[in-house]
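So the chains spell out like this:
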Amino acid sequence: MNIDYSQELPVVEGGLKQAQIEELVAKPLDTKPDKKFLIAISISGSLLLIGAICLGLTFYYGIGLWGNNQPVGWGFDIVNFVFWVGIGHAGTLISAILFLLRQRWRTGIARFAEAMTIFAVMCAGLFPAIHTGRPWLDGYLMPYPNQHQLWINFTSPLIWDVFAVSTYFIVSFVFWFVGLIPDFATLRDRTTSKIKKTIYSIFSLGWRHSHRNWQHYEKAYMLLAGFATPLVLSVHTIVSFDFAVSIIPGWHTTIFPPYFVAGAIFSGFAMVVTVLIFVRKIFNLEHIITINHLEKMNKVILATGMMVGYAYAMEFFIAWYSGNQFESFVFINRAFGPYAWAYWIMVSCNVIFPQLFWIKKIRRSISIMLAIAIFVNVGMWFERFVITVTSLHRDFLPSSWGYYVPTLYDIGILLGSFGLFFTLVILFTKTLPVVSISEVKAVSEGAQPSHNGGHH
Amino acid sequence: MHQNNIEYQKKDLPKNLSQLGWILFGAGLILGVIGFFTDQHRALLNYLIAYMFILSIGIGSLLLIALEYVGGADWSVPIRRVVEFLSSTIIFLPILVLPLVFSIHDIFHWAHTDVVAKDEILKAKSSYLNEAFFIIRVFAVLAVWGLFYYLLIRNSNAQDITKDQLLTKKNIILSAIFIPVFAITITITAVDWLMSLEPHWFSTIFGVYFFSGSVIASLAAITLFVVFLKEKGFMHPKLIDDHLFSLGALQFAFVNFWAYIAFSQYMLIWYANLPEENFWFLQRWENGWQYLSILLIIAHFIVPYAALLSQPAKMDPKRLKFISVWILFAHFIDLYWLVMPNVNGYYFSLIDIVVPLIAVGLIILVFNYRAKKSNLVPIGDPKLQKGLDFRVP
């Protein structure tokens, strides 16, 4: 296939007219839930229920129900937290950084990715809140002058996490909501139901699609993109500090901040690809979320996968180069010790399988990309498991060597977090436009003036 | 096919550019030789800094070319030749490196076998840090860079005549292969030439640190040449301030990226405070080096950040010219800060100023030499028209 590089590829395919785009995106909101929807929500709801039961038992009996032990004091709670924060990185990258880089293809997927970001950060926020088994004490995370004169430990990266993640959540949410305003107005103008009209009117904040409205909107959107961009880097940087400011071999290494950020984008994109493959099929959005979109995301997965691979290699090399026997031991123990199985799952899923994306055919094959994206999700979960557990399970003294095995409650809570995530995603598809109507209209053919008189 | 070669006419670059290059190069060389006879060790280290300066701009530019192809960018096509000319210093690196290769023993602590024999840690890493393997790595890296340079530039030049779109496709594939190769080779370069100056010290982020500095320096050099040539009317007449905006925005992004990487490295070592790592920063916080450390933060981050923050600043040619020179200066300070404090009892000397002149002069001369041979605009590139039509939304 020969591409003409002098021409722009259309972002929206199938020559969709503006009204058709509106029709297509608003359809799930106008129709009653069908059987597929009910099946999907009952599956995700069941997972959520399993998680809720396990969590309830944990609160009742305490975290003795979990697999955490001595020396592995951090288990699934931190692993799941880092995993979900990572998933929450693709949305803001797509909506903010790709916006500043003027990538027009982002419009088709930005809304959905942003929603996934918000839900993933919610799932992530769950784990710090429950990891003591006493969620009623979470108020002490906030620095306020309480009657016990207890003050938080500002030198702890765990408290920086509280601020970093909550800031990220707020800005991502505002960004998402601002993007929704013009679409709320469109929905308000189309709907015939009185209740819906009232709700949409409230959320559209009096939007009239006027020239003045758009001018303010675009300025606000750009400023928010500017604010959100450093946040994409900062959140996972702070999360990496949870480990890297310590002096545990395997945790303390300077490449952690950019390595965690790359890994977060990697896992986030994999999750977005996984979910979008189903969404575009179920809601007939193949002309808006095209194969080209998925191919570009697969390229990002390939690039960030190699960045993560670079970090793995660099850690190994420097562990040897440092001449520090503890560093070398931890890394050899990772690859060939009792947790070698987890390490090699991580390496093959994150570094080896994504290399298949060098081949164009595979980048454009739905079934293979789905398989690779799921592998990446598994691999990135295992990455956090490897970092947390393998660095802890063999302490400096061989008398404090142990092995960590998660209990059913750990696994139940992990399943519950997936249940929460997918329940929110499924509800989102039925209540809000999954694609930004106004932005996609702006990149459809004929929407923008062209310097050479257009090429239709 | 668009007709875009009519508006562009090839002109010779002004004579005073090559004159400036010769003056800087000649002065640097003469004064450098004098410096060599007064203080051999210091002059060698300064030559290392000058060499890394040339290297970082050359290889950083080649990476930016590769990123244009892989990312499918249009806006940078009209200025790509400037980037190509700047990357052409790569072919001179195997010659420029010779004085350093012949004095490995003087520059590197680990090259003294008697010292290594008494030091357990150096002994442990001697299978990597030894003269033979070091020289193999140096020339292997330079050979790989030369190969990619040759292939990418050959295709780009050939396209001026043939206008063959297949050449763009070939370069996209080459660039995609080059980027991971670049990541590995620049890390080896950073570890070998800079990190191993203090062979006991180690930092996993160091390759990324050197990479971020190289890219920002390359962007500054590119911007400086583009603005200068545009003002004198050598660039395509349709090249406007909107194109400069992208350069300004990229500079701004990489100034932040550099600061982020530098902060990450410092923060983690400072917080953990392990003696096996923190001594490297302590060296840079005593004997007067602390002022240079503070200057580095101001020059390499705070000033360019403030100067490029606003949107109009990013497309103001005057501002960009100033800040580009500033960033190149900051990049020099960065390299100086990486190299010099490793030597005990060293502080600022006049030799430190004269040797970098060689680097600046040489970059100008090589640029001028290459500009004679090719068009200043890639007239056969299929994306040229799209690139010229680029406007900031």
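Residues numbered from 1 in each chain as written. Chains lettered and ligands numbered in written order. Predicted model: local features only at pLDDT ≥ 70, side-chain atom pairs only at ≥ 80, totals over all residues. Heavy atoms only, no water.

Chemist: Looking at this structure, I do not really get the overall build of chain B. What am I missing?
Modeler: Across its full length, chain B holds 17 helices and 0 strands. Here the C-alpha radius of gyration of chain B, 21 Å, is about what a compact globule of 393 residues would show, namely 21 Å. Taking the principal axes of the C-alpha coordinates as reference, chain B spans close to 70 × 40 × 40 Å. Burial statistics for chain B: of 393 residues in total, 61% are counted as buried. Once local pairs closer than 6 in sequence are excluded, the contacts in chain B between residues at least 24 apart make up 83%. Put simply, chain B shows about 15300 Å² of open surface, and 70% of that area lies on carbon and sulfur atoms. Put simply, chain B has 28 plus and 26 minus side-chain charges, and the middle of one group is 10 Å from the middle of the other. (Helix = DSSP H or I, 4+ residues; strand = E, 2+ residues; numbered from the N terminus. Rg over C-alpha atoms; globule rule 2.2 N^0.38 Å. Buried < 20%, exposed > 50% of the residue type's maximum accessible area, 1.4 Å probe, protein only. Contact = heavy atoms within 4.5 Å. Areas by Shrake-Rupley, 256 points an atom, 1.4 Å probe, with all protein chains shown as cover. Lys, Arg positive; Asp, Glu negative; His and termini not counted. Charge placed at Lys NZ, Arg CZ, Asp CG, Glu CD.)

Chemist: How do you make sense of the overall build of chain A when you look at a structure like this?
Modeler: Of the regular secondary structure elements, chain A holds 16 helices and 0 strands. Here the C-alpha atoms of chain A give a radius of gyration of 23 Å, agreeing with the 23 Å that 2.2 N^0.38 yields for 456 residues. Expressed as a percentage of the 456 residues in chain A, the buried residues total 54%. Once local pairs closer than 6 in sequence are excluded, the contacts in chain A between residues at least 24 apart make up 80%. Surface exposure of chain A reaches about 20000 Å², of which carbon and sulfur atoms provide 69%. In chain A, which carries 31 positive and 24 negative side-chain charges, the distance between the mean positions of the two groups comes to 8 Å.

Chemist: It is not clear to me how the packing of aromatic side chains should be interpreted in this structure. Could you clarify?
Modeler: Each aromatic ring pair is summarised here by two numbers: the centre-to-centre distance and the angle between the ring planes. Scanning the entire structure with this criterion turns up 88 aromatic pairs over all chains. Judged by centre distance (5.9 Å) and plane angle (75°), the rings of Phe 254 of chain B and Phe 257 of chain B are edge-to-face. Note that Phe 254 of chain B and Phe 257 of chain B are positioned in helix H12 (residues 241-272) at a spacing of 3 residues, about one turn of the helix. By relative accessible area, which is 16% here, Phe 254 of chain B ends up buried. The class for Phe 257 of chain B is partly exposed, based on a relative accessible area of 23%. Cluster of aromatic residues (ring-pair linked, three or more members): Phe 76, Tyr 339, Trp 341, Trp 381, Phe 382, Phe 385, Tyr 403 and Tyr 404 of chain A. Note that Arg 137 of chain B overlies the ring of Phe 133 of chain B, its terminal NZ or CZ placed 4.5 Å from the centroid. (Phe/Tyr/Trp six-rings, centres within 6.5 Å; stacked < 30°, edge-to-face > 60°. Lys NZ or Arg CZ within 6 Å of the ring centre and 35° of its normal.)

Chemist: Can you walk me through the interface of chain B and chain A in this structure?
Modeler: It is common to give the size of an interface as the accessible area lost on bringing the parts into contact. If you look at the interface, chain B gives 53 residues, while chain A gives 41 residues. When chain B packs against chain A, the two sides together hide about 3900 Å² of surface, and 65% of this comes from carbon and sulfur. Scanning the region where chain B abuts chain A turns up 0 salt bridges. Counting every contact that joins chain B to chain A gives 12 residue pairs in polar contact (both at pLDDT 80 or more). Of all the elements in the fold, those that place two or more residues in the side of chain B that touches chain A are helix H8 (120-124), helix H10 (165-194), helix H11 (206-231), H12 and helix H13 (275-283) of chain B. (Buried area = accessible area lost by both parts, 1.4 Å probe. Salt bridge = Lys/Arg side-chain N within 4 Å of Asp/Glu carboxyl O. Polar contact = N/O pair within 3.5 Å; in protein donor to acceptor, adjacent residues only side chain to side chain.)

Chemist: I'm lost on a positive patch on the surface in this one. Help?
Modeler: Residues Lys 296, Lys 299 and Lys 360 of chain A together with Lys 169 of chain B make up a contiguous surface patch of positive charge. One can find Lys 296 of chain A in helix H10 (residues 291-321). (Patch = residues over 30% accessible without salt bridge, like charges linked within 9 Å, V, L, I, M, F, W, Y side chains within 5 Å.)

Chemist: Got a minute to help me understand the side chain of Glu 22 of chain A in this structure?
Modeler: Residues and elements named next belong to chain A. Along the chain, the position of Glu 22 falls in helix H1 (residues 18-30). On the basis of relative accessible area, Glu 22 is assigned to the buried category, the value being 18%. If sequence neighbours within four positions are ignored, Glu 22 has contacts with Thr 186, Arg 190, Ile 437 and Lys 441.

Chemist: Just to check I follow, could you spell out empty space enclosed by the protein for this structure?
Modeler: Where empty space is left can be seen by rolling a probe of water-molecule size over the atoms. Within this structure, the stated rule accounts for 8 cavities of 30 Å³ or more. Here the largest cavity defines a volume of roughly 90 Å³. As for the largest cavity, its lining consists of His 252, Thr 253, Thr 254, Glu 315, Ile 318, Ala 319, Glu 327 and Phe 331 of chain A together with Phe 202, Ser 203, Thr 204 and Glu 277 of chain B. Elements supplying a minimum of two residues to the lining of the largest cavity: H10 and helix H11 (325-336) of chain A. A per-element tally of the lining of the largest cavity places H10 of chain A first, with 3 residues. For the lining of the largest cavity, the per-class residue count stands at 4 nonpolar, 5 polar and 3 charged. (1 Å grid on protein atoms, 1.4 Å probe; cavity = no way out; pocket = protein on both sides within 12 Å on 5 of 7 lines; lining within 4 Å. Points joined across faces, edges and corners; volume = space filled by probe spheres on them. Nonpolar A, V, L, I, M, F, W, Y, C, P; charged D, E, K, R; others polar.)

Chemist: Just to check I follow, could you spell out the packing of helix H5 (residues 107-130) of chain A against helix H6 (residues 157-190) of chain A for this structure?
Modeler: In a packed pair of helices, the relevant descriptors are the angle between the two axes and the axis-to-axis distance. Residues and elements named next belong to chain A. Packing of H5 against H6 leaves a shortest axis separation of 10 Å and a crossing angle of 150°. Considering the angle they form, H5 stands roughly antiparallel to H6. For the crossing formed where H5 meets H6, the hand is left-handed. Facing H5, whose interface residues are Arg 111, Glu 114, Ala 115, Thr 117, Ile 118, Val 121 and Met 122, H6 presents Val 165, Tyr 168, Phe 169, Ser 172, Phe 173, Phe 175, Trp 176, Gly 179, Leu 180 and Asp 183. (Axes fitted to C-alpha atoms, helices over the stretch in contact; angles between N-to-C directions. Parallel < 35°, antiparallel > 145°, perpendicular 65-115°, else oblique. Left-handed = near helix turned anticlockwise from the far one by under 90°.)

Chemist: What should I look at first to understand helix H14 (residues 366-393) of chain A in this one?
Modeler: Residues separated by three or four positions in an α-helix point in the same direction, a consequence of the helix having 3.6 residues per turn. Residue and element names in this part refer to chain A. Compared with the 40 Å implied by 1.5 Å per residue over 28 residues, the 40 Å span of H14 between its first and last C-alpha is a close match. The sharpest bend along H14 measures roughly 25° and falls at Val 386. Of all 28 residues making up H14, 21 are buried, and the element is well covered by its neighbours. (Expected span 1.5 Å × (residues − 1). Bend = angle between axes of the 7 residues up to and from the residue.)

Chemist: It is not clear to me how the environment of Ala 113 of chain A should be interpreted in this structure. Could you clarify?
Modeler: Residues and elements named next belong to chain A. With respect to the helices and strands, the residue Ala 113 is situated in helix H5. According to the relative accessible area criterion, Ala 113 is buried, its value standing at 1%. Residues Ala 113 and Thr 198 lie 85 residues apart in sequence; the distance between their C-alpha atoms is 27 Å. With sequence-adjacent residues up to four places away left out, Ala 113 is seen in contact with Gly 91, Ile 94 and Val 272.

Chemist: What is the right way to read the nonpolar core from this model?
Modeler: Generally speaking, nonpolar side chains in soluble globular proteins are found buried as a group. One finds Trp 84 and Phe 385 of chain A together with Tyr 51, Trp 193 and Leu 194 of chain B to be the most contacted residues of the largest nonpolar core, which totals 278 residues. In this structure, Trp 84 of chain A is in contact with Ala 120, Cys 123, Ala 124, Phe 127, Met 271, Ser 417, Phe 418 and Phe 421 of chain A, ignoring residues within four places of it in sequence. (Core = buried A, V, L, I, M, F, W, Y, C linked by side-chain atoms within 4.5 Å.)

Chemist: Would you take a moment to explain unusual backbone geometry for this structure?
Modeler: Residue and element names in this part refer to chain A. Look at the link from Gln 70 to Pro 71: it is a cis peptide, with omega at 15°. Mapped onto the elements of the fold, Pro 71 is located in the loop between helix H2 (35-61) and helix H3 (76-87). With a phi close to 50°, Leu 205 is a non-glycine residue in the positive phi region. Tracing the backbone shows Leu 205 in the loop between helix H7 (194-203) and helix H8 (211-244). Classification of Leu 205 as exposed rests on a relative accessible area of 57%.

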